[in-house]
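Working through the structure, step by step
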Amino acid sequence: MIKSIKEVIAEKDLLFILAKRDITVRYKQTVLGILWAVIRPVATMFVFIFAFKQIPALSSTNKYPFQLILFSGILVWNYFANSFQAVSNSLLVNSNLISKVYFPRLIIAFSSIAVSLLDLLIGLVVYMILCIYFQYPITFNILYFPLVIIVISFFSIGLGLILGSFSIKYRDILQIIPIVVQYGFFVSPVVFTIDSMLNKSWFIYYLILNPIVGLIEISRYVLLEGYKSINLLQFLITLTSAFLCFIIGITIFNKRENSFVDHL
Amino acid sequence: MKIVEVESVGKTYKLSNNDSPSYKNGLKSFFNSESKQVFNALTDVSFSINKGDKLGIIGNNGAGKSTLLKILSRITQPTKGNIYVRGKVASLLEVGTGFHPELSGRENIFLNGAILGMTKNEIKSQFDEIVDFAGPQIAQFLDTPVKRYSSGMYVRLGFAISAHLNPEILIVDEVLAVGDADFQKKSLGKMKEVAAQEKTILFVSHNLTAVQNLCNKTLHLENGKVKHFGETGAILNSYMAENQSRKLNHEFENFNDAPGNEIIRLKKAEIFPQLDPNIDYWTTQNSFTITFDFWSLLKSANLNISLHVFASTGECIFNIGSEIKEFESGIIATKIDIPGNFLNDGNYYISVMVVQDGSKVLYNFENLFEFEIADYRENTSWFGKWPGYVRPNFPINIVQLTKSN
C-alpha cells in the first residue's frame, strides 16, 4: 500500500494536471460559473430551514444559530458525497486513458476529488460570511478544519475505491452509488445533531458503521465555538474506521487494478 | 543486455454470451468460474530484444498484436508468463490520448504530455518545438478549445506532442496510419530520425515498407502465437510469400466441367511471376506471364481475346487485345508477357474476353485472376503508399545547367 502511495507522489505532475483539468472543465459554458459552488449548499440550507420552521421542536434544541448547524453539516456532507461519487465514477469516466496508456491508476482516483475540494473551500468562505452575519465568533479552532478534511478525504477515497473497483466489472454498482448518497444524507447528522443519541447503547455501532457521523460532528466542533461534540474516544473510533475504509479501498483497488482494462 | 524480455506470455479473455453479467449467469459464474468460455489472445509468446533494436510486429487482424503491445506497455497484465522491460517506456497506442475537447490546444499539450509521462518542466522546455512541429495553423489557434479543431489539426497536435517524448523504449501502434500524405511523410520522417538514435522501438504496423525500412527485427504473430521471429528481411520474405493473396491458376480436364457457355469453355488459365532468386514474393520489379487456353466449338471463326486489368478499386488500368485470326474448333492457346517495373504495388484482378469478328463478345471470364503485387524499394526515406497505378522506371535525365556562387 505504501508503494502505491509512493507511485502517486512520484507522478504528482500528472496528479495536479488531471485535477486542474477537472476544475477547468467543471464550469465551462456555464453563465454563473463558480457561483454554482455557492448556490447549491445555500439552496439546500434554505430548503431545510423552511422544512424545520414547521417543526419548532427541532429548530430550538440548540443554543447556536440553527442555520450554522445546518450549513456546516451540509458543507461537510456535500464534500463527502461529491468526492465519494467522483472517486467511484473516476475509473469509468477516464476509461479512455486507462485503456490507452499506463500510469499508476490511483492517480485518477486521487485527482478526482479536486473539484469537490474547491467547492468545499468556497463553501467555507460562505460559512464564514454566515458567521459574521449571525455575529457568531470564528475561533482559531477552524485551523484544525483542514486536518478534518484530510480524514474525510481518506474516507471518501476509500469508499469510492471499493465501489469504483467493482463497478468496472459489475455496472450494478453505478445504480447503488446514488442510493448510498441519498440515504446516507438522512442517516448522518447533516440536518440534525446527535445530542439525543449520545447516551443510546447503539450509538457506538452507529459511529463505527458510519464514520461520517463522527466526521460531521468533529467538523462542527472546530467550526462552532462551544459545540458539544463527541468525546475523544468516539473520535478515535471514527478515525480508525475511516482509515480502515481507506486501507480496504486501496487493497481492493490494487488487487483489481490489473484487470480493469479487460472489463472496460 | 536484453532491454525487453518476454517469457512464455499468455493472455486469456473470458467470454460470456453478453459481456455484462446478467443476474442469472452472473451469479452462476460468480460461484462457478470454470463454466466460462475462454479466448486465448496470446499463447506462449517468447522473444527478447537488445537495447537499440527496432522491432516490427506484423500479423493479420486478430493475431494478437495489440494485446501484446498493451501487455508491454503495462496497460493490461498477462494471464501467464513474465515480461521484463528495462527502461523508461512511452507507449503511443493512439494520437492525442486524453485530449479534453473543452481545453485549449495549449492546455492539452500539458495534459497529454503529462499523461504520456513527461514532467511539467520537460513540456515547458519543448513547448515551442512542439507547436512548431505541429504547424502554423495550430500556432494560430493555440488558445482555442480543441473541440473546434479540424480532425487533421487534432491529429497533428497529438503527434507533435508524442514526437517530443524522450523515452528509452518507444511503443508505437499504427499511429502513423492517420492523417494526409504530407503528414504521414513528416511523421515517418520523425520515426526514422528516432530510429537513428540509440532508442529501442516496438512498432506494430500493416505498412510493411515502413517495417522493412525502420526495423532490424521482426516478430510475426499468427493466431496469438509467434510464427517467426528474427531479422526483418527473412521474416518479411516468408510473411509475404505466405500471405500474398492470389488466385493464380485454373485448369479443367474436360469440356463439360469447365466454366463458359455452349461454345467457349476455359481449358487452362495461369499467371506466373518470375520471382527474384532471393525474394519469395511478387514485387513491382517482377515480370509475369499469363497463359489462357480455351475450347472453341466454332468452325472457321475469326476470333481474338481481349484482356482487362483492373485495380482493386474497380478502375480499368489497361486493356489489350490479340490480333484477330481464323481458328477451327478445338483448343486455342494464348500467352501474354507483362514486363516488370510496370504495375505499381497493390491488388489487381484480370478478366479475359473471347471475341468474334472483333466486336461480338462470345464469353467474358470475369475476375479470372486476382493477385497482389508487393512494394519494392531500396534506399528510400519515404514509406508511404507510392502513388499511381503504374510504376515505370523511365530514365530521367537530370543535370546542373548553371552554377551560381
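Structure report, in brief. (Residues numbered from 1 in each chain as written. Chains lettered and ligands numbered in written order. Predicted model: local features only at pLDDT ≥ 70, side-chain atom pairs only at ≥ 80, totals over all residues. Heavy atoms only, no water.)

All right, on to the overall build of chain B then. Across its full length, chain B holds 9 helices and 19 strands. The C-alpha atoms of chain B give a radius of gyration of 28 Å, which is well past the 22 Å a tight globule of 405 residues would have. Projected onto its principal axes, the C-alpha coordinates of chain B cover approximately 85 × 80 × 45 Å. Across the 405 residues in chain B, those meeting the buried criterion constitute 47%. Of the contacts made within chain B by residues no fewer than 6 positions apart, 69% connect residues no fewer than 24 positions apart. Here chain B displays about 20700 Å² of accessible surface, and carbon together with sulfur accounts for 49% of that area. Side-chain charges in chain B split into 41 positive and 44 negative, and the spacing between the mean points of these groups amounts to 7 Å. (Helix = DSSP H or I, 4+ residues; strand = E, 2+ residues; numbered from the N terminus. Rg over C-alpha atoms; globule rule 2.2 N^0.38 Å. Buried < 20%, exposed > 50% of the residue type's maximum accessible area, 1.4 Å probe, protein only. Contact = heavy atoms within 4.5 Å. Areas by Shrake-Rupley, 256 points an atom, 1.4 Å probe, with all protein chains shown as cover. Lys, Arg positive; Asp, Glu negative; His and termini not counted. Charge placed at Lys NZ, Arg CZ, Asp CG, Glu CD.)

Now for the overall build of chain A. Secondary structure summary: chain A contains 14 helices and 0 strands in total. For 264 residues, the compact-globule formula gives about 18 Å, and the C-alpha radius of gyration of chain A, at 19 Å, lands near that figure. Taken over the C-alpha atoms alone, chain A extends approximately 55 × 50 × 35 Å along its principal axes. For chain A, with 264 residues in total, the buried portion stands at 52%. Here the analysis covers contacts within chain A between residues at least 6 apart in sequence; of these, 80% occur between residues at least 24 apart. Within chain A, one finds 19 positive and 11 negative side-chain charges whose respective centroids are separated by 3 Å.

Quick look at the environment of Ser73(B) now. Note on placement: Ser73(B) falls in the loop between α2 (65-72) and β4 (80-85). Note on Ser73(B): relative accessible area 5%, which makes it buried. In sequence terms Ser73(B) and Tyr281(B) are 208 residues apart; their C-alpha atoms lie 34 Å from each other. Every residue in contact with Ser73(B), bar those within four places of it in the chain, is listed here: Tyr102(A), Ser91(B), Leu93(B) and Ile171(B).

Moving on: the packing of aromatic side chains. All names here are of chain A. Evaluation of the coordinates by the stated rule reveals 28 aromatic pairs over all chains. Centre to centre, the rings of Phe253 and Phe260 are 5.4 Å apart; their planes meet at 65 degrees, and the pair counts as edge-to-face. Assessed through its relative accessible area of 0%, Phe253 is described here as buried. Take Phe260: its relative accessible area is 1%, and that puts it in the buried class. (Phe/Tyr/Trp six-rings, centres within 6.5 Å; stacked < 30°, edge-to-face > 60°.)

Before going further, it helps to spend a moment on a nonpolar patch on the surface. Together, Val31(A), Leu32(A), Leu35(A), Trp36(A) and Ile39(A) line one region of the surface with nonpolar side chains, adding up to about 470 Å² of accessible area. Along the chain, Leu35(A) falls in the loop between α2 (12-26) and α3 (36-53). (Patch = residues over 30% accessible without salt bridge, like charges linked within 9 Å, V, L, I, M, F, W, Y side chains within 5 Å. Salt bridge = Lys/Arg side-chain N within 4 Å of Asp/Glu carboxyl O.)

Attention now goes to the side chain of Thr76(B). Here Thr76(B) shows up in the loop between α2 and β4. A relative accessible area of 2% places Thr76(B) in the buried class. Within the structure, Thr76(B) has its side chain in polar contact with the side chain of Lys11(B) (distance 3.0 Å). When near neighbours in sequence (up to four residues on either side) are disregarded, Thr76(B) contacts Asn258(A), Val261(A), Asp262(A), Lys11(B), Lys70(B) and Ile71(B). (Polar contact = N/O pair within 3.5 Å; in protein donor to acceptor, adjacent residues only side chain to side chain.)

Here the focus is the sheet that holds strand β6 (residues 169-173) of chain B. Sheet strands line up and pair through hydrogen bonds in the backbone, either parallel or antiparallel. Residue and element names in this part refer to chain B. Spatial ordering of the open sheet is given by β5-β6-β7-β3-β8-β9, a layout of 6 strands whose pairing is mixed. Every other strand in the sheet has two partners, leaving β5 (89-92) and β9 (225-231) as the edge strands with one partner each. With direction set aside, neighbouring strand axes in the sheet form an average angle of 15 degrees. Sitting on the sheet, helix α9 (residues 232-243) is in contact with β3 (54-58), β8 (217-222) and β9, with an inclination near 135 degrees to β9. (Pairing = 2+ DSSP bridges. Axes fitted to C-alpha atoms, helices over the stretch in contact; angles between N-to-C directions.)

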